[in-house]
Amino acid sequence: MGVTIVTDVRPATVSADGGVLHTLFRSEQGGHEQVVLCQDRATGLKAVIAIHSTALGPALGGTRFFPYASEEEAVLDAINLSRGMSYKNALAGLDHGGGKAVIIGNPDLIKTEELLLAYGRFVASLGGRYVTACDVGTYVADMDVVARTNQWTTGRSPENGGAGDSSVLTAYGVFQGMRASAQHLWGDPTLRGRKVGVAGVGKVGHHLVEHLLQDGAEVVITDVRAESVDRVRAKHPQVGVVADTDALIRTEGLDVYAPCALGGALNDETVPVLTAKIVCGAANNQLAHAGVEKDLADRGILYAPDYVVNAGGVIQVADELHGFDFDRCKAKATKIFDTTLAIFTRAKADGIPPAAAADRLAEQRMADARKG
């Protein structure tokens, strides 16, 4: 059913000189347990399932459906995202390791019921080592289909025994992280009177806008999809709009920048021109490469680690495995405020950027589990 690559190193970034196998087998950054390449010729399915760690329990993470430029790019995305899920699940206090899957292709063109059923069979072949859910390009209705061929699927509809859309709690968790950032930097856990720029107002971003407006923030948005911008503006005409992310990060008077689209938003081009004092958003893998976190710190920009603040969704789908209770999940997601503050405190005490402090805390929990 596929080819399995097993390794004991943990890639965090793309290797510039050695490609995928170099990243997997020779990276000094350390630890994937398994990467599975999946192909079903009958349906056109090409997918990658990456399991970073099962130290805390079965690997949990969503399935991304995206038209990657190459198969290598897809594999690298899967291994980077799955590593992030290990850290996210650890700091969210979940008994799950990290995993992630990607399906290669344009979902608008090739997504079919047969393809999703075939993908579900590959998930089933792992015997519970990997639990899947929604991500970019996949939705609750898709997980209902995937679940028909395996029992390790979350993010299903309530009608099919699931918790429904996890983007609601993802946005709520990001808002809690943003409140904690405001508390740390300005001494007050509110965005009232602050200007917040949200890049990407799709599944998660538009919910985040609601929280910010209710809290009294001034909001400016951008999105590559005009319909996403129009949906927000139709409900909230007071929300500002700029042409693109490049314009957003240069917005005068911006207090907070919230990247809520794809990864790599913080890089050598964007960090030097950021006007915001806080970066806190829902996107995964916001730091384009190692060292960006130090560049942010050197500019006096407070960075709330992405995998910490966007954990609300995974808290929800993990709860689904045990009988979903929204209030219980929201209570857990509210604790993202305390976790974020603790990371800022650790970073200050150790003299390191918040991203490094978060990594240390997550690595300690995983190391403790392996010892146990």
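Look above for the structure.
Residues numbered from 1 in each chain as written. Predicted model: local features only at pLDDT ≥ 70, side-chain atom pairs only at ≥ 80, totals over all residues. Heavy atoms only, no water.

Colleague: Which residues make up the overall build of the chain, and what values do they have?
Modeller: When you go through the chain residue by residue, the secondary structure sums to 15 helices and 13 strands. Relative to the compact-globule value of 21 Å for 372 residues, the chain shows a C-alpha radius of gyration of 19 Å, a close match. Expressed as lengths along the three principal axes of its C-alpha atoms, the size of the chain is roughly 55 × 45 × 40 Å. Within the chain, the proportion of its 372 residues that are buried is 55%. Long-range contacts, defined as pairs at least 24 residues apart, comprise 64% of the intrachain contacts of the chain with a sequence gap of at least 6. Carbon and sulfur atoms make up 50% of the accessible area of the chain, which totals about 15300 Å². Within the chain, the 44 negative side-chain charges are centred at a point lying 4 Å from the centre of the 36 positive side-chain charges. (Helix = DSSP H or I, 4+ residues; strand = E, 2+ residues; numbered from the N terminus. Rg over C-alpha atoms; globule rule 2.2 N^0.38 Å. Buried < 20%, exposed > 50% of the residue type's maximum accessible area, 1.4 Å probe, protein only. Contact = heavy atoms within 4.5 Å. Areas by Shrake-Rupley, 256 points an atom, 1.4 Å probe, with all protein chains shown as cover. Lys, Arg positive; Asp, Glu negative; His and termini not counted. Charge placed at Lys NZ, Arg CZ, Asp CG, Glu CD.)

Colleague: Residue-level account of helix H7 (residues 205-214), with values.
Modeller: Of all 10 residues making up H7, 8 are buried, and the element is well covered by its neighbours. Listing the buried residues of H7 in full gives Gly205, His206, His207, Leu208, Val209, Glu210, Leu212 and Leu213. Two residues or fewer after H7 comes Gly216, characterised by a positive phi angle close to 95°.

Colleague: Now, about helix H4 (residues 113-125): what can you tell me, with residues and values included?
Modeller: The end-to-end C-alpha distance of H4, which contains 13 residues, comes to 19 Å, matching closely the 18 Å that a straight helix rising 1.5 Å per residue would cover. Listed in full, the buried residues belonging to H4 are Leu115, Leu116, Leu117, Ala118, Tyr119, Gly120, Phe122 and Val123. Looking at the residues trailing H4, positive phi occurs at Gly127, about 65°. (Expected span 1.5 Å × (residues − 1).)

Colleague: Pulling in residues and values, what's your account of the sheet that holds strand S13 (residues 302-303)?
Modeller: The parallel open sheet is built from 6 strands, whose spatial order is S10-S9-S8-S11-S12-S13. What marks the edges here is a single partner per strand, and that holds for strand S10 (240-241) and S13. (Pairing = 2+ DSSP bridges.)

Colleague: Can you break down the packing of aromatic side chains residue by residue, with the values?
Modeller: The description of two aromatic rings rests on the distance between their centres and on the angle between their planes. Counting across every chain of the model gives 3 aromatic pairs. Ring centres of Tyr87 and Tyr307 lie 5.7 Å apart, and the angle between their planes is 80°; on these two criteria the pair is classed as edge-to-face. Of this pair, Tyr87 sits in helix H2 (residues 71-91) while Tyr307 sits in helix H11 (residues 306-309), and the two are 220 residues apart along the sequence. Summarising the burial analysis for this pair, Tyr87 and Tyr307 share the class buried. On the basis of an interplanar angle of 75° and a centroid distance of 6.4 Å, the ring pair of Phe324 and Phe326 is categorised as edge-to-face. Stacked on the ring of Tyr87, the Lys or Arg Arg83 has its end atom at 4.5 Å from the ring centre. In this structure, Lys203 packs its charged tip against the face of Tyr139, placed 4.5 Å from the ring centre. (Phe/Tyr/Trp six-rings, centres within 6.5 Å; stacked < 30°, edge-to-face > 60°. Lys NZ or Arg CZ within 6 Å of the ring centre and 35° of its normal.)

Colleague: Give me the lowdown on the environment of Thr23, citing residues and values where you can.
Modeller: Within the element layout of this structure, Thr23 appears in helix H1 (residues 19-26). The exposure class assigned to Thr23 is buried, which follows from its relative accessible area of 0%. The spacing of Thr23 and Gly264 is 241 residues in sequence and 18 Å in space, taken between C-alpha atoms.

Colleague: Requested: an account of the packing of helix H6 (residues 167-186) against helix H14 (residues 336-350), with residues and values cited.
Modeller: Packing of H6 against H14 leaves a shortest axis separation of 8 Å and a crossing angle of 40°. Of the possible angle classes, the one that applies to H6 and H14 is oblique. Here the hand of the crossing between H6 and H14 comes out right-handed. For the pair H6 and H14, the contacting residues are Gly173, Gln176, Gly177, Arg179, Ala180, Ser181, Gln183 and His184 in the first and Ile336, Phe337, Thr340, Leu341 and Phe344 in the second. Classifying every residue of the contact of H6 with H14 gives 5 nonpolar, 7 polar and 1 charged. (Axes fitted to C-alpha atoms, helices over the stretch in contact; angles between N-to-C directions. Parallel < 35°, antiparallel > 145°, perpendicular 65-115°, else oblique. Left-handed = near helix turned anticlockwise from the far one by under 90°. Nonpolar A, V, L, I, M, F, W, Y, C, P; charged D, E, K, R; others polar.)

Colleague: Describe the nonpolar core, with residues and values.
Modeller: Grouped together as the largest cluster of nonpolar side chains are 29 residues, with contacts concentrated most on Met178, Val198, Leu208, Val209, Leu212, Val219 and Ile221. If you list the elements that add at least two residues to this core, you get H6, strand S8 (195-199), H7, strand S9 (218-222), helix H8 (226-235) and strand S11 (256-259). Ignoring sequence-local partners within four residues, the contact set of Ile221 consists of Val198, Val201, Val209, Val229, Val232, Val239, Gly240, Val241 and Val242. (Core = buried A, V, L, I, M, F, W, Y, C linked by side-chain atoms within 4.5 Å.)

Colleague: I'd like a description of the side chain of Asp306, backed by residues and values.
Modeller: Locating Asp306 in the fold gives a position in helix H11. With no salt bridge to any partner, buried Asp306 finds its closest opposite charge in Lys88, at an N-O distance of 7.0 Å. What Asp306 contacts, discounting residues up to four positions off in sequence, is Gly281, Ala283, Asn284, Asn285, Gln286 and Leu287. (Salt bridge = Lys/Arg side-chain N within 4 Å of Asp/Glu carboxyl O.)

Colleague: Lay out the packing of helix H12 (residues 312-320) against helix H13 (residues 326-334) in plain terms, naming residues and giving numbers.
Modeller: Where H12 meets H13, the closest approach of the two axes is 9 Å, and the angle between their N-to-C directions is 145°. When the axes of H12 and H13 are compared, the crossing they make is right-handed. Taken together, the residues of H13 that come into contact with H12 (itself represented by Gly312, Ile315, Gln316 and Asp319) are Arg328, Cys329, Lys332 and Ala333. Across the contact of H12 with H13, the residue classes tally to 3 nonpolar, 2 polar and 3 charged.

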